[in-house]
There are 2 protein chains.
Amino acid sequence: MHVRQLAKMLGVSPDTVRYYTRIGLLEPQKSIENGYKFYSPNEQNRLRFILSARDLSFSVDDIKQIFHKADEGESPCPTVRRLIDNRLHETEQRFQDTLRLRARMHTAVENWGGKPDKKPSGNVICHLIDEFTKTPE
Amino acid sequence: MHVRQLAKMLGVSPDTVRYYTRIGLLEPQKSIENGYKFYSPNEQNRLRFILSARDLSFSVDDIKQIFHKADEGESPCPTVRRLIDNRLHETEQRFQDTLRLRARMHTAVENWGGKPDKKPSGNVICHLIDEFTKTPE
DNA sequence: GTAAACCTGTGAGTTAGACACAGGTCAATC
DNA sequence: GATTGACCTGTGTCTAACTCACAGGTTTAC
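Keep in mind it's a predicted model, so treat the numbers as computed, not measured.

Novice: Describe the protein's contact with DNA strand C, naming the residues involved and giving the relevant values.
Specialist: What surrounds DNA strand C is a group of 20 residues, the closest being Arg22 and Lys37 of chain A together with Ser13, Tyr19 and Tyr20 of chain B. Here Arg18 of chain A contributes a side-chain N or O atom positioned 3.4 Å from a base nitrogen of DNA strand C. Taking Ser13 of chain B, its side chain carries an N or O atom lying 2.8 Å from a phosphate oxygen of DNA strand C. Within the residue set of the surface near DNA strand C, elements represented by two or more residues are α1 (3–10) and α2 (14–22) of chain A together with α2 (14–22) of chain B. By residue number, the principal contributor to the surface near DNA strand C is α2 of chain B, which donates five residues.

Below is the structure:
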């Protein structure tokens, strides 16, 4: 199975598959006559796993670690449990940040609704942004 | 005012100031004897504006556009209103994505609590991840 | 045989900075 | 005046997770 076919089967772009291959997460065989890469059922399964892990926000480097454990025959589960703990904290942080940002943006847009456009003057570049910063509420 | 002093004054890292300078958002004068960059009060004001815009999720490229308008003497406000509309959509999207991700991760961790570690076998790399994907609820 | 459509791998570009590093500057000491 | 050490500078390179550009190989239709 070549790159485009595999990508289509699992619903990702060929470039994504090429990327995972480039960094060593996938190790397809190289056709001698073609130079084209050939993905075996085992590689297909690995890609499926990568996508599942990605959906839980595991990073590519995390997945490398998981594969490393598994390739040595050890259980990757402790690693997985440890890693998701970090990812969970990150996600929580990002969630809170995004929540605050969203509120700030909504306030700004609302705030700007009744204000006119103005030309820049002196040290005011855009009075919407400048004034909003000074009165965050 | 040199880079470190300016950075400290506005609470960012010198590298951040250098970055904005490198991409042309700031245009300090270059000392002839030193080669060191000198930031005038006007540049200080520009940096303050950049940070305000950044806090509303405007991208560096957005800010470039805003500066471009303002430098031509036109009102950047219409640009600002148009741009924040895009950023608001992005933020909303990111918020929803993060919300879903967070829920998925919580479900996974809960789910894994009662499950043992297992060694990889056949085409199962980590049963926690593999099985969770198959039963998302 | 040839033309067009399609596919490939590799190299480079993307964001918003962080980090490494060779060298310049300045005050304090000898 | 020379020298040490602390501090500062600009520039080049690196990051994550891909995406895009591109030169060239392959396959199919005529």
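Back to the text.
Novice: Explain the interface of chain A and chain B to me, and be specific about the residues and the numbers.
Specialist: In this assembly, 52 residues from chain A lie in contact with 52 residues from chain B. Interface of chain A and chain B: buried area, both sides summed, is about 4600 Å²; carbon and sulfur atoms make up 72% of it. It is Arg81, Met105 and Ile125 of chain A that lose the most area in chain A upon contact with chain B, and together they represent 14% of the buried surface on that side. Linking chain A with chain B are four salt bridges, by the criterion used here. With a closest N to O distance of 2.8 Å, Arg81 of chain A and Asp117 of chain B form a salt bridge. Linking chain A with chain B are 16 residue pairs in polar contact (both at pLDDT 80 or more), by the criterion used here.

Novice: Can you lay out unusual backbone geometry for me, pointing to particular residues and giving the numbers?
Specialist: Phi is positive for Ser57 of chain A, close to 75°, though the residue is something other than glycine. Here Ser57 of chain A lies in the loop between α3 (41–55) and α4 (60–71).

Novice: Quick one: what's the story with the relation of the copies chain A and chain B, residue by residue and with numbers?
Specialist: For these two chains of identical sequence, chain A goes onto chain B by a turn of 180° and a shift of 0.0 Å along the axis, with RMSD 0.3 Å. Overall, the copies show the geometry of a two-fold rotation axis. Scanning chain A for the C-alpha nearest the rotation axis identifies Phe95 of chain A, at a separation of 3.5 Å. Taken together, the interface assignments show that 100% of the residues at the interface of chain A recur at the interface of chain B, consistent with an identical surface on both copies.

Novice: Explain the pattern of salt bridges residue by residue, including any values.
Specialist: Opposite charge on two side chains permits pairing when their charged atoms draw close. All names here are of chain A. Summed over the entire model, instances satisfying the criterion amount to 18 salt bridges over all chains. Close ionic contact of Glu131 with Lys115 constitutes a salt bridge, the shortest N to O distance being 3.0 Å. Of this pair, Glu131 sits in helix α6 (residues 127–134) while Lys115 sits in the loop between α5 (77–113) and α6, and the two are 16 residues apart along the sequence. With relative accessibility at 31%, the residue Glu131 sits in the partly exposed group. Via salt bridges that share partners, Asp62, Arg87 and Glu90 belong to a single interconnected network.

Novice: If you had to explain the protein's contact with DNA strand D to someone new, which residues and values would you point to?
Specialist: Close contacts around DNA strand D come from 20 residues, with Tyr19 and Tyr20 of chain A together with His2, Arg22 and Lys37 of chain B the closest. The protein-proximal atoms of DNA strand D, defined as those within 4 Å of the protein, are 62% sugar or phosphate. Ser13 of chain A has a polar side-chain atom sitting 3.1 Å from a phosphate oxygen of DNA strand D. A distance of 3.4 Å separates a phosphate oxygen of DNA strand D from a polar atom in the backbone of Val3 of chain B. Of all the elements in the fold, those that place two or more residues in the surface near DNA strand D are α2 of chain A together with α1 (3–10) and α2 of chain B. For the surface near DNA strand D, the residue count by class is six nonpolar, six polar and eight charged.

Novice: Let's hear about the packing of helix α4 (residues 60–71) of chain B against helix α5 (residues 77–113) of chain B: which residues, and what values?
Specialist: Helix-helix packing is described using two parameters, namely the angle between the two axes and the distance between the axes. All names here are of chain B. Relative to each other, α4 and α5 sit at 170°, their axes nearing to 10 Å. When the axes of α4 and α5 are compared, the pair comes out roughly antiparallel. Where α4 abuts α5, its residues Asp62, Gln65, Ile66 and Lys69 lie against Thr79, Val80, Arg82, Leu83 and Arg87.

Cut-offs and rules
- Residues numbered from 1 in each chain as written.
- Chains lettered and ligands numbered in written order.
- Predicted model: local features only at pLDDT ≥ 70, side-chain atom pairs only at ≥ 80, totals over all residues.
- Heavy atoms only, no water.
- Near = heavy atom within 4 Å.
- Polar contact = N/O pair within 3.5 Å; in protein donor to acceptor, adjacent residues only side chain to side chain.
- Helix = DSSP H or I, 4+ residues; strand = E, 2+ residues; numbered from the N terminus.
- Contact = heavy atoms within 4.5 Å.
- Buried area = accessible area lost by both parts, 1.4 Å probe.
- Salt bridge = Lys/Arg side-chain N within 4 Å of Asp/Glu carboxyl O.
- Least-squares fit on C-alpha atoms with pLDDT ≥ 70 in both.
- Buried < 20%, exposed > 50% of the residue type's maximum accessible area, 1.4 Å probe, protein only.
- Nonpolar A, V, L, I, M, F, W, Y, C, P; charged D, E, K, R; others polar.
- Axes fitted to C-alpha atoms, helices over the stretch in contact; angles between N-to-C directions.
- Parallel < 35°, antiparallel > 145°, perpendicular 65-115°, else oblique.

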